[in-house]
Amino acid sequence: MRVTLRDIQRMKEAGERIAMVTAYDHPSAALAERAGVPMILVGDSLGMVVHGHGSTLPVTLDDMARHTAAVVRGNARALIVADLPFLTYGTEPEALAGARRLMGEAGAGAVKLEGGAAVVSTVARLAALGVPVMGHLGFTPQAQHQIGLRVQGRDAGAARRLLDDALALERAGAFALVLELVPAELAAAVTARLAIPTIGIGAGAGCSGQVQVWHDILGLGTGRVPRHAKPYAEIGSAIEAALKGYVAEVASGAFPTAAQSATMDEAVLARALGGAE
Ligand code: KIV
């Protein structure tokens, strides 16, 4: 049975911390299922960690739909949330069309969008039409050219605005909120004032759950690991070592051996080659 919005809400109410991780493809989604991850984000961070862009801005709805569908095929258990990409939800018709693609076609269970007051009416419209929406406050990567890549909500005015945005998104019908790069004290205070769960990334331990980028927690990235991430493995180094071993064995002729090869009857081969020399 797939995890539902009610399950996520029940976890929040029971004080069970919710572990969310990004995934972008079929094998990762299947591994997340085996690890018991209850909620997956097909994040537009795929623009950077999978497609090699410098930001999330070039990511398209086609990208999101393709990756979301692969994740859905790989995982029958988690609630799968897919990001609406940059400038695809500026108007309600656009947001509805995006949600239709990510949920109706790709099979996501919910969508995520970034922003506060500016998206509240869109969230309300989506929620009223049966689209589960996860909000995203604090550092919102799609607005990075406007707000800079830094912790948000440090002064009293910005902290108050973030709380007001969180309350407004909850009233509009968001089922959960990502809080990214927010001081731990503020994230905890916002969490305490909301009925819906908060999912932190660089927002301290006082959130209802945490979300991390797949490549960051598995040591799979090619760039710098952000301060808020903790690598639980060094998969990138393991892959590099394995590939070096493969390259060396191909070069030396040690791979493949008979174990990796098919054989045929020599007489059949001789018949086939007869007269061909
Ligand atoms: O796209 C993403 O991976 C995200 C997380 C950083 C929350 O939005």
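Residues numbered from 1 in each chain as written. Predicted model: local features only at pLDDT ≥ 70, side-chain atom pairs only at ≥ 80, totals over all residues. Heavy atoms only, no water.

## A word on the packing of aromatic side chains
Link 1 in the chain: According to the stated counting rule, one finds one aromatic pair in the structure shown.
Link 2 in the chain: When the centroid spacing of 5.9 Å and the interplanar angle of 65° are considered together, the rings of Y246 and F255 count as edge-to-face.
Link 3 in the chain: A relative accessible area of 46% places Y246 in the partly exposed class. (Phe/Tyr/Trp six-rings, centres within 6.5 Å; stacked < 30°, edge-to-face > 60°. Buried < 20%, exposed > 50% of the residue type's maximum accessible area, 1.4 Å probe, protein only.)

## A closer look at unusual backbone geometry
Link 1 in the chain: Backbone torsion omega between F255 and P256 reads 0°, so that peptide bond is classified as cis.
Link 2 in the chain: For P256, the position within the fold is in the loop between α11 (235-252) and α12 (266-273).
Link 3 in the chain: Notably, L87 is not glycine yet its phi reads approximately 55°, a positive angle.
Link 4 in the chain: When you line up the elements, L87 lands in the loop between β3 (79-83) and α5 (92-105).
Link 5 in the chain: Given the relative accessible area of 62%, L87 is considered exposed. (Helix = DSSP H or I, 4+ residues; strand = E, 2+ residues; numbered from the N terminus.)

## What to know about the site of the ligand
Link 1 in the chain: What surrounds the ligand is the set T22, L41, G43, D44, S45, D83, K112, H136, V178, E180, I201 and V211.
Link 2 in the chain: At 3.1 Å, a side-chain N or O of D83 approaches an oxygen atom of the ligand.
Link 3 in the chain: In the complex, the protein chains occlude 96% of the 260 Å² of accessible area that the ligand would expose alone.
Link 4 in the chain: Assessed atom by atom at 2 Å from the grid points, the ligand resides in the largest pocket. (Near = heavy atom within 4 Å. Polar contact = N/O pair within 3.5 Å; in protein donor to acceptor, adjacent residues only side chain to side chain. Areas by Shrake-Rupley, 256 points an atom, 1.4 Å probe, with all protein chains shown as cover. 1 Å grid on protein atoms, 1.4 Å probe; cavity = no way out; pocket = protein on both sides within 12 Å on 5 of 7 lines; lining within 4 Å. Sits in = over half its atoms within 2 Å of the grid points.)

## Considerations on the packing of α5 against helix α6 (residues 120-128)
Link 1 in the chain: Running from N to C, α5 and α6 cross one another at 45°; their axes reach a closest spacing of 10 Å. Relative to α6, the element α5 lies oblique. Judged by the sense of rotation from one axis to the other, the crossing of α5 with α6 is right-handed. For the pair α5 and α6, the contacting residues are E92, A95, L96 and A99 in the first and S121, T122, R125 and L126 in the second.
Link 2 in the chain: For the contact of α5 with α6, a count of residues per class yields four nonpolar, two polar and two charged. (Axes fitted to C-alpha atoms, helices over the stretch in contact; angles between N-to-C directions. Parallel < 35°, antiparallel > 145°, perpendicular 65-115°, else oblique. Left-handed = near helix turned anticlockwise from the far one by under 90°. Contact = heavy atoms within 4.5 Å. Nonpolar A, V, L, I, M, F, W, Y, C, P; charged D, E, K, R; others polar.)

## Describing a nonpolar patch on the surface
Link 1 in the chain: A cluster of nonpolar residues, I235, I239, L243, Y246, V247, V250 and F255, forms a patch on the protein surface that exposes about 600 Å² of accessible area.
Link 2 in the chain: Its place among the elements puts V250 in helix α11.
Link 3 in the chain: Of the residues examined, V250 reaches a relative accessible area of 41% and is grouped as partly exposed. (Patch = residues over 30% accessible without salt bridge, like charges linked within 9 Å, V, L, I, M, F, W, Y side chains within 5 Å. Salt bridge = Lys/Arg side-chain N within 4 Å of Asp/Glu carboxyl O.)

Function cannot be inferred from these measures alone, as they are strictly geometric.
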